[in-house]
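Read off the chains here:
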Amino acid sequence: MTRATLTRIIAAILVLTAIIAVPMTQIHWDGTQGSSQANKIDTLLNVMIVLSSFVFAIVLVMLGYCIWKYRAKPGDESDGEPIHGNTKLEITWTVIPTVIVLFGAIYSWVVLGKIETKASDALPINVTAQQYEWTFNYPVGSGDKVVSSKVLEVPDGRQLELHLTSLDVIHSFWVPEWRIKRDLVPSGPGGNDVDNTVEVTPDRDGTYNVVCTELCGYGHSTMRALVKVVPEDQFNAWLKKQPRVKAVPGTPTGSATGAPSEETTD
Amino acid sequence: MVAALKKPGLGRGAVGTVLAAAFGLGLVVLLRKLSGLPAFQTEQTGYPQVIVPAITAPFGFFIGLGAFDYWFRWAAGRPTYPAELEHKDHGASSWRDYFKFNTDHKVIGIQYICTTFVFFFIGGLMAMIMRAELAQPGTQIVEPGTFNSLFSAHAAIMIFVFVIPIFAGIANYVLPLMIGAPDMAFPRLNALSFWMLPIAGIMFVGSFLCPGGGFDAGWTGYAPLSTGAPLGQSFFNLGVQFAGASSVATALNFLVTIITMRAPGMNFWRMPLLVWANMSTSLLVVAATPFIAGVQFMVLFDRALHTNFFQALNGGDVLSYQHIFWFYSHPAVYIMMLPGFGIISEVITTHARKPIFGYRLMALALIGIVVLSYTVWAHHMFVSGMFSWLRIPMMITTLLIAVPTGIKIFSWLGTLFGSVLHLRSTAMLFALGFIVTFVIGGISGVMLGMVPIDIHVSDTYFVVAHIHFVLFGGSVFTIFAGIYHWFPKMTGRMYDERLGRLHFYLTLVGMLGTFVPMHWIGMEGMPRRVADYSAQFGNWNLAISCFAFLLGAAQLIFLYNMIVSWKWGPLAGDNPWRSKTIEWLVSSPPPVFNFDQIPRVVGGPYEFGVPGARHAIVGPAEAEVGAPTPAVAGAAGARSP
Amino acid sequence: MESAAIGATAEHEHHGPPEAHASSRIDRQTLGILLFIVSETMLFGAFFASYFFLRVVASTGPWPPEGLEIPKAVAGVNTAILISSSFTVHWALESIRRGNRRGMIMGLAATWLLGFTFLFIQMNEYVHIGFSARDTAFGSIFYGLTGLHGAHVTVGLMLLAFANIRAWRGHYTSEPKKHLGVEVPGIYWHFVDVMWIIVFTTVYIL
Ligand code: HEA
Ligand code: HEA
Ligand code: CUA
Ligand SMILES: [Cu+2]
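Residues numbered from 1 in each chain as written. Chains lettered and ligands numbered in written order. Predicted model: local features only at pLDDT ≥ 70, side-chain atom pairs only at ≥ 80, totals over all residues. Heavy atoms only, no water.

## Remarks on the overall build of chain B
Thinking step 1. For chain B, the count of helices and strands is 20 helices and two strands.
Thinking step 2. The C-alpha atoms of chain B give 25 Å as radius of gyration, which agrees with the globular expectation for 641 residues (26 Å, within 12%).
Thinking step 3. Each principal axis of the C-alpha atoms in chain B carries an extent, and together these give about 70 × 60 × 45 Å.
Thinking step 4. Within the span of chain B, comprising 641 residues, buried residues form 71% of the whole.
Thinking step 5. Expressed as a percentage of contacts within chain B between residues at least 6 apart in sequence, the contacts between residues at least 24 apart total 80%.
Thinking step 6. Carbon and sulfur atoms form 72% of the exposed surface of chain B, whose accessible area is close to 18100 Å².
Thinking step 7. Here chain B carries 34 positive and 26 negative side-chain charges, and the mean point of each set is 7 Å from the other. (Helix = DSSP H or I, 4+ residues; strand = E, 2+ residues; numbered from the N terminus. Rg over C-alpha atoms; globule rule 2.2 N^0.38 Å. Buried < 20%, exposed > 50% of the residue type's maximum accessible area, 1.4 Å probe, protein only. Contact = heavy atoms within 4.5 Å. Areas by Shrake-Rupley, 256 points an atom, 1.4 Å probe, with all protein chains shown as cover. Lys, Arg positive; Asp, Glu negative; His and termini not counted. Charge placed at Lys NZ, Arg CZ, Asp CG, Glu CD.)

Right, dumping it as structure tokens:
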């Protein structure tokens, strides 16, 4: 292959990369960003989109070029030139992907560290799942008194420390706008093997949904709960006027205050 | 009539099934009576009176079918068959022989392929029902419980009784020919492994008849949902055992065949890459499959005997299920891909008229994937609450798998470079299409492999999109490529290329239209395994469903093409693709015993364009050209059991 | 299926097809049983993995839980019995190698009886052990591992039974490949023994 074609091919690859990557990075695939974690994850996604577009462009261009250039003329029964390999080339395409994925791994590692850093003033909330509803308990004041709610009402801009437990099968806690997901695993006396706390810092007022993303039976598709992110003082006011109830370990406490969540599917 | 029931065959098999089932039932009732329990137990996870017969019946079937006749004589020390009967179960002279216990690897290959395609269409039909339900938000056609059973069965069928076994089937047919062996190492074991498949499939499909409906815990059957699920789940547990035993036995057979029965001159660096691929796959199967067998046994025990493997309240460990399950099921995804890689290598060199680029690195990449794939299982558990320290190492190994896989992709491209590229065969079209679709699926896999991204998209439609790009755009495309490539060899006839091309383009468009948008709705917030979803995803899902129906319709073209060409297609000749590997040097279809004398291998398998280079010399067998033997001409009618 | 791996093999002559070229020094049935043992080992691996999770990860209290006693002594004796059976089967093989059919028959019979005794004592242990697979995860995995091994002993006994019968009926001679029917089940039997030693140390001793 002449130098000229080589440069043309490389040019084509870069152009195609741009054509794929630029629009794709403009779109907010993951939807609204509702937490300080969301932004970091979306950036990582965009970086990966660019790299992947590059890889994909290489494959497409090479494939297209070969089909266009080497397509057999009708009736041509000759054989191609017997090239058995090329060590330099093979090393190249072993090394480049290795570099790309290792970069991706390290970057992800950093991001993971960032999104999981614990804040000192985190607000603890006990999330309990059962077929097919959610209960949120806010430990308040002294002893085992809690505020119990079917709506997850949280302050804006403060880190939440969610303690997840399930009463029957595995469920999964996901708020798409927060980008955070974690399974709720039923755990017995020896439940200490499950990593059941997850941190998230909502930073955008509004009403969202808790979505159950682990198949948990008949009602899985409709197992939802409302999330209300409100300014700190408004949250405190809300918390104040909630009834204090006794937390019975292992069972979701409290009357079904707040909006019923089962039917909402959006 | 009675005589008919006395001699081995499906009739006697049916009788055996009934007797064995009755025996099992009697056993349960007797034991329960002895221990002073009511004869029947109908608590939803129990039903011993159903489970035990379901275990005994298949063995009755095998005995009736004649699978054990030889071994019984052998075990009893009686003289086994006299010389003239030694091969009475070998080869097919009419389509009826395809419904018998047959020890000819070529017959078994056909049996595998037809049976698995039947299951492909059943699983696909389930997908169609799912897509119809998902076309609009809300529940219209099936209620959520049924929907759960549908996608569970869809996946179980596609994976355990379609993709995994059909690769075993294709390899069964071509691999012994490729390495110049007269048959597989253990022909009777080979036949037995085939006959376990219909059993597994029937259990998956039949579970829908159970009280409480089919198994509905997904194909992953996570405990404790599965341990508390209705009766149907037990049939998943059992079906997996039969499918698993079948593929372990086949893998064992392949390994022994490849290691001990290669033709003289065929050293490891002269084996076609399809042989390499199946060798690597068999290594995965032999060492990984027992894990799913084990874990499904534990689930069955938790269900039927009320043990506590996964019962957190009694000291069980819920997450251990996922660890053990994925230690099999991640390697399983390469079990579903590596044989496909082999097929693609064969197809691409043949139709590019060029030696495979970097043959040795291609072979080593396969081994690399085998080794790595044992070290990545927890990438399915990033959000499961498992030990958080395990995530980073698993992420790194997971991403590294992109490297050997990339080597294969680029080597195929290297093979195309400077080639004489023939697009006339549908096989080649599917091979090239595979490169595009699989790379997309692989890249989405790499994104899933990055913990932060996975935290967001895990268990969403993004994963469903990944699944289908690698399994449909990957495995199934390679399967189609393989079927089209070896169809002339297996049937002696040529399929209709125009219909083939139509099938390819419709499938490509259909699969892109169906599975690309799934990435988007997934990232935007649509979880997987839901019968009902929020209105905001309505339009996309409608579009997806329409493309899915197109995709389904396209498969009907394939079906038509295969059946018609098998019966009426023009004769293909021995080597329509002018390929070099040994299976093309014998007649199409090959003689009953493959070779009159074992071929001699004198060079590499892909020496295209090398003047005077030969791969193998097949003795007088080379003379036998032309018209299909009655074996397959008759087999035209063969419908799978 | 086990019997399959072997049954398909012994004295398996082709008449129609050409004899396959032997591209490796190891013969099919031996390689077959070795690979089969690999996958069997992994099956045990699954249960050992579960054992690890139940004991190390999930369990909080003592192991085994209070009140549950496992009869180490009986099991120890039983272990001795099983191990000795490994020697008898080896004796059988050596005998036929030297053409001593009587020695082979005795060896095989002795092995079978020892194996059966082991199984019998194991059953007896289950009856008197005082806890079932239903109480606590410990019970489940105890029965899981020992039961899985018991199943393998049963299979081994089946294979040995075939070998015994065929030996009685006058099969097997000293020339190579003519006594694979003794050798192959022998290999499997050694595996069953080794596996028991591992199970015994993990479940009873550690
Ligand atoms: C044929 C089957 C198959 C194959 C081959 C793969 C291949 C891969 N899979 Fe996939 N996977 C599945 C079938 C398969 N998968 C299934 C069925 C599930 C869902 C299970 C369930 O139901 O939950 C799943 C789920 C799944 C998950 C879990 C998602 C979740 O549930 O949260 C992850 C996460 O890491 C993952 C990763 C990968 C990776 C990294 C690869 C890699 O092997 C891909 C490697 C290939 C490439 C990368 C493309 C070619 C390479 C190049 C062109 C080189 C350059 C590339 C780069 C530098 C990026 N897969
Ligand atoms: C090899 C594996 C394989 C294959 C080939 C397919 C093929 C298809 N799959 Fe499958 N699928 C899986 C493996 C596979 N799938 C797995 C592992 C899961 C995860 C399950 C789980 O979550 O547990 C899954 C889940 C899954 C879902 C998600 C379910 C959910 O999470 O809620 C969906 C939804 O659209 C889907 C659709 C399809 C479609 C439209 C096809 C099409 O390609 C099918 C095309 C084929 C046909 C249609 C058959 C031929 C035609 C006929 C039978 C005639 C009838 C035709 C018409 C009526 C037009 N699949
Ligand atoms: Cu709870 Cu899904
Ligand atoms: Cu995986």
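Still to come is the rest of the account.
## Notes on the coordination of the iron atom of ligand 1
Residue and element names in this part refer to chain B.
Thinking step 1. You will see that the iron atom of ligand 1 has only one donor from the protein, H466 (NE2), lying 2.2 Å away.
Thinking step 2. In this structure, the iron atom of ligand 1 lies 4.4 Å from the copper ion (ligand 4).
Thinking step 3. Counting through the fold element by element, H466 comes out in helix α17 (residues 461-491). (Donors = N, O, S within 2.8 Å, 3.2 Å for Na, K, Ca; no water.)

## As for the packing of aromatic side chains
Residue and element names in this part refer to chain B.
Thinking step 1. Tallying each qualifying case throughout the model produces 91 aromatic pairs over all chains.
Thinking step 2. A ring pair is formed by F341 and F438, whose centres lie 5.6 Å apart and whose planes are at 80 degrees; its orientation type is edge-to-face. Here F341 is found in helix α11 (residues 338-352), whereas its partner F438 is found in helix α15 (residues 426-449), with 97 residues between them in sequence. Pair check on accessibility: F341 and F438 agree, each one buried.
Thinking step 3. Across from the ring centre of F268, 4.3 Å away, lies the NZ or CZ of R262, which sits over that ring.
Thinking step 4. The ring of W568 is capped by K567, whose NZ or CZ atom sits 6.0 Å from the centre of that ring. (Phe/Tyr/Trp six-rings, centres within 6.5 Å; stacked < 30°, edge-to-face > 60°. Lys NZ or Arg CZ within 6 Å of the ring centre and 35° of its normal.)

## Points about a nonpolar patch on the surface
Thinking step 1. A surface patch of nonpolar side chains, amounting to about 530 Å² of accessible area, comprises F23, L27, L30, L31 and L34 of chain B.
Thinking step 2. By the secondary structure assignment, L30 of chain B is in helix α2 (residues 10-34). (Patch = residues over 30% accessible without salt bridge, like charges linked within 9 Å, V, L, I, M, F, W, Y side chains within 5 Å. Salt bridge = Lys/Arg side-chain N within 4 Å of Asp/Glu carboxyl O.)

## Section: the interface of chain C and chain B
Thinking step 1. The interface is formed by 55 residues belonging to chain C together with 59 residues belonging to chain B.
Thinking step 2. In total, chain C and chain B occlude about 4800 Å² of area from one another, counting both sides; carbon and sulfur atoms represent 72% of this.
Thinking step 3. Along the contact surface separating chain C from chain B lie 12 residue pairs in polar contact (both at pLDDT 80 or more).
Thinking step 4. Elements that contribute at least two residues to the side of chain C that touches chain B include exactly α1 (2-7), α2 (28-58) and α5 (136-168) of chain C.
Thinking step 5. Looking at which element gives the most residues to the side of chain C that touches chain B, the answer is α2 of chain C, with 19 residues.
Thinking step 6. Counted by class, the side of chain C that touches chain B contains 29 nonpolar, 18 polar and eight charged residues. (Buried area = accessible area lost by both parts, 1.4 Å probe. Polar contact = N/O pair within 3.5 Å; in protein donor to acceptor, adjacent residues only side chain to side chain. Nonpolar A, V, L, I, M, F, W, Y, C, P; charged D, E, K, R; others polar.)

## With respect to the coordination of the iron atom of ligand 2
When a metal carries six donors in an octahedron, the ideal angles between them are 90 or 180 degrees, while four donors in a tetrahedron ideally lie at 109.5 degrees.
All names here are of chain B.
Thinking step 1. The iron atom of ligand 2 binds to the protein through H154 (NE2) and H468 (NE2), with metal-donor distances spanning 2.0 to 2.1 Å.
Thinking step 2. The site at the iron atom of ligand 2 holds six donor atoms, and with the angles between them running 86 to 178 degrees, its shape is octahedral. Taken together, the residues H154 in helix α6 (residues 144-178) and H468 in helix α17 connect sequence positions 314 residues apart. H468 matches H154 in its accessibility class, with the two residues each being buried. (Tetrahedral: all angles 85-135°; square planar, octahedral: opposite > 155°, others 65-115°.)

## Some remarks on the sheet that holds strand β5 (residues 160-166) of chain A
Backbone hydrogen bonds are what pair the strands of a sheet, in a parallel or an antiparallel way.
All names here are of chain A.
Thinking step 1. The sheet built from six strands is open, its strands ordered β8-β5-β1-β2-β3-β11 with mixed pairing. Of all strands in the sheet, those bounded by a partner on one side alone are β8 (197-200) and β11 (244-246). Here the average twist between neighbouring strands, direction ignored, is 40 degrees.
Thinking step 2. Running over the sheet, helix α4 (residues 232-240) touches β1 (123-130), β2 (133-139), β3 (145-149) and β11 and is turned about 95 degrees from β2. (Pairing = 2+ DSSP bridges. Axes fitted to C-alpha atoms, helices over the stretch in contact; angles between N-to-C directions.)

## Here's the deal with the interface of chain B and chain A
Thinking step 1. Of the residues lining the interface, 91 residues belong to chain B; the matching set on chain A comes to 82 residues.
Thinking step 2. Regarding the contact of chain B and chain A, the summed buried area is about 7300 Å², with carbon and sulfur atoms giving 70% of it.
Thinking step 3. Contact with chain A buries area across many residues of chain B, yet F410, F417 and H456 of chain B alone supply 9% of it, more than any other trio.
Thinking step 4. Between R424 of chain B and E77 of chain A there is a salt bridge; the shortest N-O distance is 3.2 Å.
Thinking step 5. Along the contact surface separating chain B from chain A lie 18 residue pairs in polar contact (both at pLDDT 80 or more).
Thinking step 6. Of all the secondary structure elements, the ones that give two or more residues to the side of chain B that touches chain A are α6, α10 (318-335), α12 (359-373), α13 (391-400), α14 (402-416), α15, α16 (451-457) and α18 (497-524) of chain B.
Thinking step 7. When its residues are assigned to classes, the side of chain B that touches chain A shows 57 nonpolar, 19 polar and 15 charged.

## What to know about helix α5 (residues 105-134) of chain B
All names here are of chain B.
Thinking step 1. In this model α5 runs 42 Å from its N-terminal to its C-terminal C-alpha over 30 residues, within 8% of the 44 Å that 1.5 Å per residue would give.
Thinking step 2. The buried fraction of α5 amounts to 24 of the 30 residues, a majority that puts the element mostly inside the structure.
Thinking step 3. The backbone nitrogen of K106 lies 2.9 Å from a side-chain oxygen of the residue at the head of α5, namely D104. (Expected span 1.5 Å × (residues − 1).)

## Some thoughts on the site of ligand 1
Thinking step 1. In the vicinity of ligand 1 lie 32 residues, with Y334, D454, S458, H466 and R528 of chain B positioned nearest.
Thinking step 2. Neighbouring residues of ligand 1 are not confined to a single chain but are spread across chains A and B.
Thinking step 3. Here an oxygen atom of ligand 1 sits 2.6 Å away from a polar atom, N or O, in the side chain of Y334 of chain B.
Thinking step 4. D454 of chain B is positioned with one of its side-chain polar atoms (N or O) 2.6 Å from an oxygen atom of ligand 1. (Near = heavy atom within 4 Å.)

## A closer look at the nonpolar core
Thinking step 1. If you look at the biggest cluster of nonpolar residues, it comprises 362 residues, and the most contacted ones within it are W134, F173 and W178 of chain A together with F160 of chain B.
Thinking step 2. With 24 residues, α6 of chain B is the largest single contributor of residues to this core. (Core = buried A, V, L, I, M, F, W, Y, C linked by side-chain atoms within 4.5 Å.)

## Some thoughts on the packing of α6 of chain B against helix α8 (residues 232-260) of chain B
Residues and elements named next belong to chain B.
Thinking step 1. Orientation of α6 relative to α8, taken along the N-to-C sense of each, is 20 degrees, at an axis distance of 11 Å. It follows that α6 is roughly parallel to α8 by the angle criterion. Of the two possible hands of crossing, α6 and α8 adopt the one that is left-handed. Each of A156, F160, I164, A168, A171, N172 and L175 in α6 lies in contact with α8, whose residues at this interface are F236, V240, A243, S247, T250, F254 and I258.
Thinking step 2. Looking at the contact of α6 with α8 residue by residue, the class counts come to 11 nonpolar, three polar and no charged. (Parallel < 35°, antiparallel > 145°, perpendicular 65-115°, else oblique. Left-handed = near helix turned anticlockwise from the far one by under 90°.)

## Examining the pairing of strand β9 (residues 206-212) of chain A
All names here are of chain A.
Thinking step 1. Along β9, five of the seven residues are buried, which leaves the element largely enclosed by surrounding structure.
Thinking step 2. As paired strands, β9 and strand β10 (residues 224-230) are joined by six bridges and run antiparallel to one another. From the neighbouring strand, V211 faces β10, where its bridge partner is R224.

## Considerations on the pattern of salt bridges
Thinking step 1. If you walk through the whole model with that rule in mind, you get 20 salt bridges over all chains.
Thinking step 2. Where E116 of chain A meets R391 of chain B, a salt bridge forms, and the shortest distance between an N and an O atom there is 2.9 Å. A residue pair is termed interchain when its members come from two chains, as with E116 of chain A in the loop between α3 (87-115) and β1 and R391 of chain B in helix α13.
Thinking step 3. We classify E116 of chain A as partly exposed; its relative accessible area is 24%.
Thinking step 4. Using a relative accessible area of 7% as the deciding quantity, one classes R391 of chain B as buried.
Thinking step 5. Its salt-bridge partner being E94 of chain C, residue R97 of chain C comes within 3.0 Å of it at the nearest N-O pair. You can see R97 of chain C and its partner E94 of chain C sitting in helix α3 (residues 72-97), three residues apart, about one turn around the helix.

## Brief notes about the environment of R98 of chain C
Thinking step 1. Locating R98 of chain C in the fold gives a position in the loop between α3 and α4 (101-128).
Thinking step 2. Sequence spacing of R98 of chain C and Q29 of chain C is 69 residues, and the spatial spacing of their C-alpha atoms is 21 Å.

## A closer look at the packing of α11 of chain B against α12 of chain B
Residues and elements named next belong to chain B.
Thinking step 1. For the pair α11 and α12, interaxial distance at closest approach is 11 Å and the crossing angle is 170 degrees. With respect to α12, the element α11 is oriented roughly antiparallel. Contacts from L338, F341 and S345 in α11 reach M362, L366, I369 and V370 in α12.
Thinking step 2. Taken together, the residues that form the contact of α11 with α12 break down as six nonpolar, one polar and no charged.

## Comments concerning the pairing of β1 of chain A
All names here are of chain A.
Thinking step 1. A large share of β1 lies buried, amounting to six of its eight residues.
Thinking step 2. Across seven bridges, the pairing between β1 and β5 is parallel. The residue of β5 that forms the bridge with P124 is E161.
Thinking step 3. Across five bridges, β1 lies against β2 in antiparallel orientation.

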